[in-house]
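For reference, the chains in residue letters:
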Amino acid sequence: MRFSLGKDLWVLIFAGTLLVAGSAIHLATMRQDAPTVDEPVYLAAGAGYWQTGRIKFNLEHPPLAKWIQGIPLLFLHPTSPFEARPAPLKPEFEIGATFLFQNRVPADLIVWMGRLPSLALWIILGAALFATARRWGGSTAGLIALTLYTFDPTVLAHGHLATNDIMLTASLFLAAVFFERMIRQPTMTTILLSTFFIVLPPFMKFSGLLMGPVFACTLLLSSISWKQKSFVLLYAGGWFLLLTLLLTGGDPRIIIDGIQWQAGHNSYGHESNLFGQWSWDGWWYYFPMAFLFKTPLATIILTIASALAAIQQRHTRDTDPQTNAHRAIYRILPATFAITSLFVNLDIGIRYLLPIFPFLFMGIGVILARQISRMREMTRRWGVEFTSILLGILVMNTLLSYPHYLSFFNLIAGGRENGHRVLNDSNLDWGQDLKRLRGSLDANPPAEPIYLDFFGARDAAEYYLNDHLFISRHLPANTPSSEGTYIVSAFYRWRPQYAWLDSVQPFRTIGSSILLYDLSKLPFPSRMLP
């Protein structure tokens, strides 16, 4: 389906308005969100790669996302993260903290500039999602998909952060788009473009490596000639080797070491939380539960409706089987990603499912648009009203949740206020509310002394709260009086060692991730505290 400027001008305007509105939300949230746990390391790596050419830093993630995030930082001329000491001799989080909070360039400016590439990719992904959904299901499909994407809280939370989640998501979807186009029209141009984009996801995040066999198997089962299949495999291998050498400074062992590090991390596990229980091994059903609790109810209902519609359409499908084969990659990729998520031991956030979201939104848009077009006039009106009402609820719910998208939870979980009962870590608290805490302390200073137990970017509390006194990270056992204020991050608050706070309610909550307690309200002497 091609664009007709006269006929579809309103569609373009609507789509552009959605992208502008989403960008405005991102830009406003970017200004308010403090650096999250991983961002200082990514930004230090990106700046260091460009300034020194040294790639042997933060090997647990491939280098491409950090190369991209470092581009805007070149215009700031920040202090190199590797000037003080060689990177291997210092922990990476210490290097990241030193780079961000002891730089001649203000930390907020570094973070702002470093987040711009993620926002740019968010816009590109949104445009690609709209165009692809519209091509397969018409203008209605494109607008439904783009609305779901623009106002999804998880996408809004991670779409502007200087991490590799949105970059993997964008590169994987673009790879699927160009791959499908190559299968449909196998020319030298489409083959070169497709193979280039196919090899990008593994260099954004190592989980992208899992999708390589998916592309290969789909290619081998496709209808293009074996000669063209051979060209694709040859070019993909060449692109992969070339990018490996370019991005690692000619040392491919960096990629191998990173893969081994990630394999060891997955084998060892990571501390995770589900339903108030803590585990290093995780749960196979963690990510389905995260999707259930972190996805807006309107999106869940539309997902169910589109699944039911897809089942019905299987019996009345009138599309060409060859066309369905071309589109198979849009189903196989997200399905494979979802299935593999059940077997990983790194249960630390719904952001790990982010690459599935564009495919889900496109599927919802295409299926519902097709279903509505096949309805009779009366039922078609009901279908349009049903979809429009749910999309309106999604938009309203998302706008009312501003700017606390990272800690968003739906009504199934009890809302944002009760999200801590089901999930933690980057689902709830990633250190994003520290600047909001500073504003709260400035406006309404609590009783002193102030104690702080903060989870977030290393040294961020000292940097942003340098005008406020906090005595220690943990409450001393021999405090002579029960006075003052205890500030604790939600990441720590709901652990067993803080059960002594269960009998008192916080007098102030900052974005659901930071809680303030009045120690004078404790029902027992502070000397009894652990």
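Being a predicted model, the structure only gives us computed values, none of them experimental.

Details of the overall build of the protein chain
And then number 1: The helix and strand inventory of the protein chain stands at 22 helices and 6 strands.
And then number 2: A compact globule built from 530 residues should have a C-alpha radius of gyration of about 24 Å, and the protein chain, at 24 Å, falls within 12% of that.
And then number 3: Seen through its C-alpha atoms, the protein chain measures out along the principal axes to roughly 80 × 60 × 45 Å.
And then number 4: Across the 530 residues in the protein chain, those meeting the buried criterion constitute 56%.
And then number 5: Taking the intrachain contacts of the protein chain between residues at least 6 apart in sequence as the baseline, contacts between residues at least 24 apart amount to 77%.

Some remarks on the pairing of strand E3 (residues 450-453)
And then number 1: The side-chain alternation of E3 yields two buried faces, one formed by Ile450 and Leu452 and the other by Tyr451 and Asp453.
And then number 2: For E3 and strand E4 (residues 485-489), the ladder comprises 4 bridges, and the chain directions are parallel. Bridged to isoleucine 450 within E4 is threonine 485.

Remarks on the packing of aromatic side chains
And then number 1: This model, assessed by the stated rule, comprises 31 aromatic pairs.
And then number 2: With centroids separated by 5.0 Å and ring planes inclined at 40°, the aromatic side chains of phenylalanine 203 and phenylalanine 240 adopt a geometry described as tilted. Placement of phenylalanine 203 in helix H10 (residues 201-204) and of phenylalanine 240 in helix H12 (residues 226-247) is noted, with a sequence separation of 37 residues between them.
And then number 3: Seen from their ring centres, tyrosine 268 and tryptophan 280 are 5.6 Å apart, and the 65° between their planes marks the pair as edge-to-face. Here the residue tyrosine 268 occupies a position in helix H13 (residues 253-268), and tryptophan 280 occupies one in the loop between strand E2 (277-279) and helix H14 (286-294), the gap between them amounting to 12 residues.
And then number 4: For tyrosine 268, a relative accessible area of 61% puts it in the exposed group.

Quick word on the environment of valine 105
And then number 1: Considering the arrangement of structural elements, one finds valine 105 in the loop between helix H4 (92-101) and helix H5 (107-137).
And then number 2: On the basis of relative accessibility, which here comes to 8%, the residue valine 105 falls in the buried class.
And then number 3: On a C-alpha basis, the gap between valine 105 and proline 78 in space is 5.8 Å, while along the polypeptide they are 27 residues apart.
And then number 4: Apart from the residues lying within four places of it in its own chain, the contact partners of valine 105 are Leu76, His77, Pro78 and Ile110.

Overview of the sheet that holds strand E6 (residues 514-518)
And then number 1: The strand order across the open sheet formed by 4 strands is E3-E4-E6-E5, and the pairing between neighbours is mixed. Looking at strand neighbours, the two that pair on one side only are E3 and strand E5 (508-510), the edges of this open sheet. Taking the axes of each pair of neighbouring strands and ignoring which way they run, one obtains an average angle of 15° across the sheet.
And then number 2: Both E4 and E6 contribute to a ladder of 5 bridges, which runs antiparallel. Pairing of serine 489 across the sheet is with isoleucine 514, part of E6.
And then number 3: Running over the sheet, helix H20 (residues 434-443) touches E4, E5 and E6 and is turned about 145° from E5.

Focus: H12
And then number 1: Here H12 contains 22 residues, and its C-alpha end-to-end distance of 31 Å stays within 8% of the 32 Å for a straight helix at 1.5 Å per residue.
And then number 2: Buried residues belonging to H12 abut helix H3 (64-70), helix H8 (165-184), helix H9 (188-198), H10, helix H11 (212-220) and H13.

Examining the confidence of the model for the protein chain
And then number 1: A residue-level look at the protein chain finds 90% of positions with pLDDT of 70 or above and a mean pLDDT of 89.
And then number 2: Mean pLDDT across the secondary structure elements of the protein chain bottoms out at helix H16 (residues 321-326), with 58, and peaks at helix H7 (residues 153-158), with 98.
And then number 3: Every residue in residues 476-481 is under pLDDT 50, and counting partners more than four places away or in other chains gives 9 contacts.
And then number 4: Within the model, the stretch residues 526-530 combines pLDDT values under 50 with 15 contacts to residues more than four positions away or in other chains.

Remarks on the pairing of E6
And then number 1: Among the 5 residues that make up E6, 4 are buried, leaving the element largely enclosed by the rest of the structure.
And then number 2: Looking at chain direction, E5 and E6 are connected through 3 bridges and run antiparallel. Pairing of isoleucine 510 across the sheet is with isoleucine 514, part of E6.

The rules we used
Residues numbered from 1 in each chain as written. Predicted model: local features only at pLDDT ≥ 70, side-chain atom pairs only at ≥ 80, totals over all residues. Heavy atoms only, no water. Helix = DSSP H or I, 4+ residues; strand = E, 2+ residues; numbered from the N terminus. Rg over C-alpha atoms; globule rule 2.2 N^0.38 Å. Buried < 20%, exposed > 50% of the residue type's maximum accessible area, 1.4 Å probe, protein only. Contact = heavy atoms within 4.5 Å. Pairing = 2+ DSSP bridges. Phe/Tyr/Trp six-rings, centres within 6.5 Å; stacked < 30°, edge-to-face > 60°. Axes fitted to C-alpha atoms, helices over the stretch in contact; angles between N-to-C directions. Expected span 1.5 Å × (residues − 1). pLDDT = per-residue confidence, 0-100.

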